[in-house]
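Close look at the chain arrangement
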Amino acid sequence: QVHLVESGGGVVQPGGSVRLSCAASRFTFSDYPMHWVRQAPGKGLEWLSFISNDGTNKYNADSVRGRLTISRDNSKNTLYLDMNSLSAEDTAVYYCARSGVGGIFAAFDVWGQGTLVTVSS
Amino acid sequence: DILLTQSPSSLSTSVGDTVTLTCRAGRSISTSLNWYQQKPGKAPKLLISAASNLQSGVPSRFSGSGSGTDFTLTISSLQREDGATYYCQQCYSSRPTFGGGSKVEIK
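Keep in mind that what you see is a predicted model, and the values were worked out from it rather than measured. (Residues numbered from 1 in each chain as written. Chains lettered and ligands numbered in written order. Predicted model: local features only at pLDDT ≥ 70, side-chain atom pairs only at ≥ 80, totals over all residues. Heavy atoms only, no water.)

Some words on the sheet that holds strand β8 (residues 70–75) of chain B
Residue and element names in this part refer to chain B.
- Taking strand neighbours across the sheet as the criterion, the four strands line up as β1-β3-β8-β7 in an open arrangement whose pairing is antiparallel. In this open sheet, the two strands that pair with only one neighbour each are β1 (4–7) and β7 (62–67). Pairwise comparison of adjacent strand axes, ignoring direction, gives a mean angle of 15° for this sheet.
- Pairing between β1 and strand β3 (residues 19–25): four bridges, direction antiparallel. Across the sheet, residue Thr5 finds its bridge partner in β3, namely Arg24. (Pairing = 2+ DSSP bridges. Helix = DSSP H or I, 4+ residues; strand = E, 2+ residues; numbered from the N terminus. Axes fitted to C-alpha atoms, helices over the stretch in contact; angles between N-to-C directions.)

Written out as structure tokens, the structure is:
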């Protein structure tokens, strides 16, 4: 069973930063582009960022541009998300998701269970 | 960004009913429209890709249709386990977007 496990969430102070990780298993991670998506409490899904399978192409949502960096280490089967200048509006469950065939122009066919980031003093 | 508007935002229905959820795009997206199911406290699950392609393992009572700007997700013979929030998502542009969701409550 294809598996994605996020980690790195927790309570972060306003203005702080966080690094989230997403560990992939049971599929060839280096073959697949990946995404980050978040969901604020009681709200809908918001796409944040995309990275191609080899890490050369990246896209970010305008809402977080400049504060977010997506990266990956294919030797460790791990995806990362670095966010800085956090505010209460960044409080959300953060999901990593695998992109199907077609890269960014494809459905998100596998999702992790999510990791909660709470921005609070 | 391409805006996706889902309707209804919520509905209450009964086991055995047929439910039709709609998703309207702000501009034509061909058939680059996917549907996800999310149950409380769980990650979203891909149900349908490219407007009408049912994912492996998804019950055949789920079906999708549409192209251009108007899309539908139909759930036939609703089961209790279908109570969830359903999201559409476009992958036509390099900035994917999601609709606001349709919450289906089983009476």
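Brief notes about the interface of chain B and chain A
- Counting residues at the interface gives 18 residues for chain B, matched by 22 residues for chain A.
- Both sides of the chain B and chain A interface together cover about 1500 Å² of buried area, and 63% of this is carbon and sulfur.
- For the pair chain B and chain A, the number of links is zero salt bridges.
- Applying the counting criterion to the chain B and chain A interface returns six residue pairs in polar contact (both at pLDDT 80 or more).
- For the side of chain B that touches chain A, the elements supplying multiple residues, two or more each, are β4 (33–38), β5 (45–49) and β9 (84–90) of chain B.
- It is β4(B) that contributes the most residues to the side of chain B that touches chain A, three residues altogether.
- By residue class, the composition of the side of chain B that touches chain A is nine nonpolar, six polar and three charged. (Contact = heavy atoms within 4.5 Å. Buried area = accessible area lost by both parts, 1.4 Å probe. Salt bridge = Lys/Arg side-chain N within 4 Å of Asp/Glu carboxyl O. Polar contact = N/O pair within 3.5 Å; in protein donor to acceptor, adjacent residues only side chain to side chain. Nonpolar A, V, L, I, M, F, W, Y, C, P; charged D, E, K, R; others polar.)

Topic: the sheet that holds strand β8 (residues 78–83) of chain A
All names here are of chain A.
- Overall, antiparallel pairing links the four strands, which are arranged β1-β3-β8-β7 in an open sheet. The outermost strands of the open sheet, each flanked by one partner alone, are β1 (3–7) and β7 (68–73). Sheet twist, expressed as the average angle between the axes of neighbouring strands with direction ignored, equals 15°.
- Sheet topology note: the β1/strand β3 (residues 18–25) ladder contains five bridges and is antiparallel. Along β3, the bridge assignment pairs Val5 with Ala23.

Some remarks on the packing of aromatic side chains
- The final tally for this structure, using the stated rule, is eleven aromatic pairs over all chains.
- Taken together, a centroid distance of 5.8 Å and an interplanar angle of 55° make the contact between Phe108(A) and Trp111(A) tilted. We note that Phe108(A), like Trp111(A), is buried.
- Geometrically, the ring pair formed by Tyr36(B) and Phe98(B) is tilted, given 6.0 Å between the ring centres and 55° between the ring planes. Here Phe98(B) lies in strand β10 (residues 97–98) and Tyr36(B) lies in strand β4, a separation of 62 residues in the sequence. When sorted by exposure, Tyr36(B) lands in the same class as Phe98(B), which is buried.
- Within the aromatic cluster, the residues linked to one another by ring pairs are Tyr95(A), Phe108(A), Trp111(A), Tyr36(B) and Phe98(B). (Phe/Tyr/Trp six-rings, centres within 6.5 Å; stacked < 30°, edge-to-face > 60°. Buried < 20%, exposed > 50% of the residue type's maximum accessible area, 1.4 Å probe, protein only.)

Overview of the side chain of Ser32(B)
- Tracing the backbone shows Ser32(B) in the loop between β3 and β4.
- In this view, Ser32(B) contacts Gln89(B), Gln90(B), Cys91(B) and Tyr92(B); residues no more than four positions away in its chain are not counted.

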